[in-house]
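# Topology and contacts: notes
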Amino acid sequence: MRKIIYTKFACILMVLLSAFTAMAQQREVTGIVTDQEGFTLPGVSVAVKGGAAQTATDAKGSFKISISGNGNILVFKFLGMQTQEVKVEARQSKINVSLLNARRDLNEVVVVGYGTAKKRDVTGSVGSLKGSDLIKTPAASVDALLQGKVPGLQVLTTSGQPGSGSTIRIRGLGSRADANPLVVVDGLPLGDAGNLKQINPDDIESIDVLKDASSAAIYGSRGANGVILVTTKRGKTGQAHITLSTLTTVSTLGNKLDVFHDPVEAATIDNQARINAGIAPLFIGQVYGGTYYPSLAELRGIDPNKSQWAYNTDWAKLVYRNPVSQNYTLSADGGNDKTRYSISGNYYNEQGLAIQNGYKKYTGRVNLEQKLKPTVTLGTNLIVTSTQNYGQGLSVDRSIVFPAFNPDGTYFHIGSNDFGNPLQIANEVLNKSKTIDLLGTAYINWEIIKGLNVKTQFSYTHGNAVNDNYQPRDATSTGYLFQGYGDINNYNGDHLINENYLTYDRNIGKQHHINVVTGYTQETNTVRTSDLQGHGFVNDVLENENLKSATTQFISNGLTKTALQSFIGRANYTFMDRYLFTFTGRADGSSVFGENHKWAFFPSGAIAWRANEEAFIKNISQISELKIRASYGLTGNQGISPYQSLATLGSYKYFTDGGFQTGYGPPYYNDGSNTNSKVFNGLQNKSLKWETTRQLDIGLDLGLFNQRFTLTADYYYKHTTDLLRQNQVALSSGFSVIEVNDGTIDNRGVELSANAQIFQGNKFSWSVGGNFALNRNKVIAIGGGNQIEANGQDIEAIRAPLNYYINGQPANVFLGYKFDGIVQTAGGTNPVDGTAATVGDIKYLAGGPIAVGQGEYIIGNPNPKFYYGFNTSLKYGQFDLYAQFYGVSGNDIFNFQTFTPSAQLQAWTPDNHTNLYPSVNATRVYYASNWYVQKGTYLRLQNVNLGYTLKPNLIKGISNLRVYFSGTNLYTFTNFSPSFDPEVGENGQFGGNYRKPRQYSLGLNVSF
């Protein structure tokens, strides 16, 4: 009996000891989970690998989980982030984890127009960017930040003037009317890409670029040039943040100026140019036109009768500065299961390189969403932007021999007709503009039954702009001609849109999924303009605030109204999660076209095969995605002014023969006599309709090693017909032009995008990415039976147009003569104008292709062969480093600034028989030739960004704090003229522009 009792007691004791041992091994681990930027992440799944214990982070990103024993592994999972496993060491009780963004999460949602889709289910060609991918560079507008980010999206930022925009093209130039892509912000169609200035880059959640017909056809008559969809930030459930972002930027000149530095050299070249032209030189110690011109001896300081000339004006030092710019954004966002909000305010102040030049922008934004019932959601988005732009670009190509000011402090003028003193222009010429833009939407979404939603949205935009200009009587040639010139220009635009559409999304069984969108939209657009102008003022004191006192006054105003009605439809069908089909159609009725063609229909179709879901590939663990896509469809372009289909006639005042005449219609026609008082306008065209673009796209999406490496490749062919253009008509009709549909342009190309997460870890990570786009543009037919047609008016410097449309050639090719060196011996004639060839002049080759005619050749192509961008991102501990490069290759630039001061110092002389540069000549007539043409290939180190992020919650109340240093436009590798920037407009012309600065910025992001 006693033995049995002892045995039971021993068993109980062993059980208790085992329990106590287990309890001793059970322990709690706590920590905080953040993203790469240091923001805390609520709702992150935290689980013990192979165990039952599981929890999730709270609203502050904190977690607490119980583990037993040593050697446990915690698994952290969060949508849009890479899953991470962390081993818990012995006696370790606290773990902080930073999750890495998934390079391309297949479940990530992209915006596709009137809806969203998972990336894995997209059948069209869509380029996507997160807002965090953009905030690397100081910029007033989003467009400049897109450069080099999306293959097929070409961004041309040709000016460094504060507030200046960019030219954006998607898959080449496909129109002679309006080639800009459509911009849609939070579902609100804004118009072309210039409207991106209304959006604060800090407010952007994502940008999606619709490139092919399948993705863009839902926008019908406005989708031919692609669509850029901008989604602003929304509040997130369970999170509440107040974030402050600041950025201070110092700008400097990005290129060394090519100007004269020695007054002797400047005066010598001036004298030689006049002598070679058969004109008496000026710098011989004489007074001419009221200005004293020192002799070369006086400039050198070797004239025994005069002291050395006192002036050597550094105009660049007087005109340019190293300005400091500021950018501040304060935002608050958060929400719960019923209400979500996001509010922000931004102040941007950019000072230009040129004195008295700058740009200010104020932006306010509110996004609010409220669930009235579990099935009914009400929301509103509001953006208000106000801008101020003042000053202008200034020239520094002024003679360094003369001073900026007279001894009495007044501005120095070189003679009575000199109006080029940049300091006077900066200080006395009024040139400012103010704008206010309001973008507002209100919507209600009702889930009628599970999977069936109806959404009604009302959107309204209002734009107001006032431009003020005044040119004093002695500051500019215009001010002198009119004895004071004042102008106030006003713009008011109102755009009202109503959109209603149904979305049905449902799984049918286990193998079928459908998503259908159908709806109706209508919109009206009203624009009112007025222009108040005055010529002839007693004095300049009140500038343009006293137009009624002007000797001559002009008033003009305008009103335009347009309307658009549309029916939209899209159906997506997925079979077995691997075969995807998309059918899209939109019918548009527009008031801007002729009564015979008010309506048009734009259909498209796309298919995709998710091959990685097939059994023979699914077991290949290295392949995480393999999708083959194909699409074909039609999109349109209605980018013309209203009333072009109608016969129009209006009044117009113009200056000729020393006075003002009144004509009828805009001045399209002038017979050259300077006595005509009538001008002509457009003839009616009842059949005027949209341009139509047919586009084929074949694409491949590849992901390897759980998306650590991704590749996207596309081939496309765009065929645009019925180009909108003006055609000349016989003046006997009473009109001069008619707007017609005539002509064809093709674009075809290849796009590649690749990203690789080379190394990923909690402490160190390294990723690289890049994109490449090749486009070949060809004019198939100009229209009107023509083989060649100029694109633009005569350019004064070459006395002829430069860019042309020629059948069989790329758009905007340069037309001119072949440079054949410099004339070295007298004799012969100039084949261009038949004049006697003079030694030191440019020598031109005679003859040319018959198709071009008149001895001219195609001397250049401004379209690049390809453009590309690549970047690298490293993170080590709390430090991060980002660098981006952007490049363009194979384009030609017509450089009107070829004969720079340094080139003039190497010019042909009797002692320097060069074949590169002609002699200097004050009256020489220059012709367009390939002497001006230079290669525009370049590679730019666009941005370098080095940052440090404080560990989360190290400072009480601060969830994230990051300090960073950024450098922009740091260096450009190019063979183009070193004094200039090789980034020019799509016509390839460079005539000197506002220089783009090199910028150094210090930024701070802090979240509470």
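What comes next is a walk through the structure. (Residues numbered from 1 in each chain as written. Predicted model: local features only at pLDDT ≥ 70, side-chain atom pairs only at ≥ 80, totals over all residues. Heavy atoms only, no water.)

## Topic: the nonpolar core
Leu 802, Phe 894 and Phe 899 are the most contacted members of the largest nonpolar core, which totals 55 residues. Sort the elements by how many residues they give to this core and helix H3 (residues 263-276) lands first, with five residues. Within the second largest apolar cluster, 25 residues are counted, among which are Val 142, Val 209, Ile 228 and Ile 383. (Core = buried A, V, L, I, M, F, W, Y, C linked by side-chain atoms within 4.5 Å. Buried < 20%, exposed > 50% of the residue type's maximum accessible area, 1.4 Å probe, protein only. Helix = DSSP H or I, 4+ residues; strand = E, 2+ residues; numbered from the N terminus.)

## Examining the side chain of Ser 344
Along the chain, the position of Ser 344 falls in strand S21 (residues 339-351). Ser 344 sits in the buried class, given a relative accessible area of 6%. One polar contact links Ser 344 to Asp 203, side chain to side chain, over a distance of 2.8 Å. In this view, Ser 344 contacts Asp 203, Leu 330, Ser 331, Thr 363, Gly 364 and Arg 365; residues no more than four positions away in its chain are not counted. (Polar contact = N/O pair within 3.5 Å; in protein donor to acceptor, adjacent residues only side chain to side chain. Contact = heavy atoms within 4.5 Å.)

## A look at the sheet that holds strand S5 (residues 73-77)
The four strands are arranged S3-S2-S5-S6 in an open sheet whose pairing can be described as antiparallel. Every other strand in the sheet has two partners, leaving strand S3 (54-56) and strand S6 (84-87) as the edge strands with one partner each. The average angle at which neighbouring strand axes cross in this sheet is 20°, direction not considered. In the sheet, strand S2 (residues 45-48) pairs with S5 via four bridges, with the strands oriented antiparallel. (Pairing = 2+ DSSP bridges. Axes fitted to C-alpha atoms, helices over the stretch in contact; angles between N-to-C directions.)

## Some thoughts on the pattern of salt bridges
Any two side chains of opposite charge can pair, on the condition that their charged atoms come close. Counted according to the given criterion, the structure contains 37 salt bridges. Arg 365 serves as the salt-bridge partner of Asp 203, at 3.3 Å between the closest nitrogen and oxygen. Of this pair, Asp 203 sits in the loop between strand S14 (188-191) and strand S15 (204-210) while Arg 365 sits in strand S22 (residues 358-373); the two residues are 162 residues apart in sequence, bridging distant segments of the chain. In this structure, the salt-bridge partner of Arg 473 is Asp 540, at a minimum N-O distance of 3.6 Å. Linking Arg 473 in the loop between strand S25 (452-471) and helix H7 (477-481) with Asp 540 in the loop between strand S27 (512-535) and strand S28 (552-575), this pair joins segments that are 67 residues apart in sequence. Linked by salt bridges that have partners in common, Arg 171, Lys 211, Lys 627, Arg 629, Asp 697, Asp 701, Asp 714 and Glu 751 make up one network. (Salt bridge = Lys/Arg side-chain N within 4 Å of Asp/Glu carboxyl O.)

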